[in-house]
Amino acid sequence: MSNISLLSFMVLLTSTSRATTAFISSLSTHHPSRHHTNRLIMSFQQPDTQYPYTPPAWASPLTNVPKKRLKLAHLPTPIQLIGSNRSTRQQKNSSTILSRLKELNIKLYIKRDDATGGVELGGNKLRKLEFLLAAALETGCDSVVTIGGEQSNHCRATAAAARMVGLSPNLILRTRRADKIHEKTDELGFEGNILFDRMMGSTIYTCTPGEYGRVGSNKLVQHVCDYIATKDGGKPYAIPVGGSNGVGSWGYINAVDELMNQMESMKQDNTSSDFNLDHVVFATGSGGTAAGISLGLSMAYGSLGPSAADTSCPKLHAVGVCDNPAYFYDTMALIANEMGASLDKTTDQFIREAVTVHNGKGRGYALSTEDELDFILQFSLETGIALDPVYSGKALYHFVKHVVENDVESYRNKHVLFWHTGGALGIYEKGNDLLHKFSEVSPVKRVDVYGSNGVKEITD
């Protein structure tokens, strides 16, 4: 963990978690639950308690409904309007992200799913884990096995959530260093998400990207499940990459219902009576969040009926951070089938009509360009919001810098909601790549407390 001491790192994470909890608490004060019976504003939780699940009425075309769910997340997550006058004044002498949005009269809203939990849990994966871990408990499992990249947000959240409900976490991490780690010529270390994987006592298995590609993630998970069952007599529950399947994606059916309630509340608010969304944007890496949002919003808006005012569904944009658009269309259709989608057209046709998938992977999964990192840093300077380099940062960069700029008139004067899926711990791995920028944006100065001749000075 170069340039950042472990102690400082932990202090930062603790303060961040406290700030997030305080923010969510204040949010519930300003938005009383009496307006939204579906909101789960909870000051007390029992993580390992299974609750009966009733889906939103508009989700009736999905027939494979989970029986139970857990309540792990801090919900509802807030929606923030980005682009205040304060931010504009702070950056008034430079060309910025917000100044360009203001020039096009684009209102940017952020749905803060990075605030679903504390640092160890936060992000979009927790919504899926509420359903996946409920299924694990319901079937009498004593552990979980899942898979992801070396800095997987999903694996970190799974490890923490599993411990909260009394299950042992087993993680398969894809890394180019797998052989060197096995041969003891390199260490897995404790940077970013891996620190939390290890703090939760995860048993970590490694594979190379080549092995992952040749064998496939599902077979690797099943292989480790078989190993645990044979070696220890355990009963592991298999969770796919990203928690993306017909069980986990119900987390984002719930999330859409939450968003619809929030939008209704904002319309009732005198200061936001004209609130409506023209575009909804989100990152996709394994397809589960994208499937839930795409199915959910399409069905929720369709349920309003042709007589309701303003019933047109926002245009949905999934920005792929790996693979290609065809892969994500196929994956989302597969997940829709697993959820028991009963539609008036094929699931593949429904998905392709519901959402546009953009290729935003850049150099590849978890690989950043200098422009992407510059965007992430600039966005944090202007908004105080940290984007991660693997998902949210890559996705918002591609949408703002490529999708919008390639078709400016389609986005001028529009309301855009970006669904922030969390993952800021991944930025620690990019610290060295950002060092050359820090001296400019974050100078360090020495306070000369005593000064020469008693004059107190500050020196560069």
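Source: prediction; values computed, not measured. (Residues numbered from 1 in each chain as written. Predicted model: local features only at pLDDT ≥ 70, side-chain atom pairs only at ≥ 80, totals over all residues. Heavy atoms only, no water.)

## Some points on the sheet that holds strand β11 (residues 355-359)
Going by this rule: When DSSP locates at least two bridges between a pair of strands, those strands are taken to pair. Runs of H or I in DSSP of at least four residues are treated as helices and runs of E of at least two as strands, each being numbered from the N terminus. Simply put, an axis is a line fit to the C-alpha atoms, just over the touching stretch for a helix, and the angle between two N-to-C directions goes from 0 to 180 degrees. Two residues form a contact once any of their heavy atoms are found within 4.5 Å.
Across the sheet, which stays open at both edges, the six strands sit in the order β3-β4-β12-β9-β10-β11 with mixed pairing between neighbours. Of all strands in the sheet, those with a lone pairing partner are β3 (79-82) and β11, marking the two edges. Between one strand axis and the next, the sheet turns by 25° as a mean value, whatever way the strands run. Where strand β9 (residues 279-284) meets strand β12 (residues 415-420), four bridges bridge the pair, whose relative direction is parallel. Looking at β12, one finds that Val-281 is bridged to Phe-418. Its contacts with the sheet place helix α10 (residues 250-268) against β3, β4 (107-112) and β12, and it is angled at close to 140° to β12.

## Considerations on the layout of surface pockets
Inclusion rule: Cavity means a closed set of points on a 1 Å grid over the protein atoms alone, one where a 1.4 Å probe fits but cannot get out, pocket means an open set with protein on both sides within 12 Å along at least 5 of 7 lines, and lining means a residue has an atom within 4 Å of a point. Grid points are joined across faces, edges and corners, and a volume is the space filled by probe spheres set on the points. Three classes are used, and their members are as follows: Ala, Val, Leu, Ile, Met, Phe, Trp, Tyr, Cys and Pro are nonpolar, Asp, Glu, Lys and Arg are charged, and the others, Gly among them, are polar.
Of the volumes computed, that of the second largest pocket is approximately 1100 Å³. At the level of elements, β5 (143-149), α5 (153-164), α8 (209-215), α9 (217-232) and α12 (325-338) are the ones that each hand at least two residues to the lining of the second largest pocket. Here the lining of the second largest pocket takes five residues from α12, the largest share from any one element. Along the lines of polarity and charge, the residues of the lining of the second largest pocket split into 14 nonpolar, 17 polar and 12 charged.

## Notes on the packing of aromatic side chains
Where two aromatic rings form a pair, the distance of their centres and the angle of their planes describe that pair. For clarity, the threshold we go by: Between the rings of Phe, Tyr and Trp (Trp by its six-membered ring), a pair exists once the centres lie within 6.5 Å; its type follows the angle of the planes, with under 30 degrees stacked, over 60 edge-to-face, and the other angles tilted. Exposed residues in this analysis have more than 50% of their type's maximum accessible area, buried residues have under 20%, and partly exposed residues fall in between, with area computed by a 1.4 Å probe over protein chains only.
In total, this model carries nine aromatic pairs according to the counting rule given. Both rings, one in Phe-375 and one in Phe-379, keep their centres 6.1 Å apart while their planes meet at 15°; by these two values the pair is stacked. Separated by four residues within a single helix, Phe-375 and Phe-379 lie in helix α14 (residues 370-383), roughly one turn from each other. Each member of the pair, Phe-375 as well as Phe-379, carries the same accessibility label: buried. Between Phe-399 and Tyr-411 the ring centres are 5.5 Å apart and the planes differ by 85°, which places this aromatic pair in the edge-to-face class. Highlighted residues: Phe-399 in helix α15 (residues 392-404) and Tyr-411 in helix α16 (residues 408-411), separated in sequence by 12 residues. The burial state of Phe-399 is the same as that of Tyr-411; both residues are buried. These aromatic residues form a ring-pair network of at least three members: Tyr-53, Phe-131 and Trp-250.

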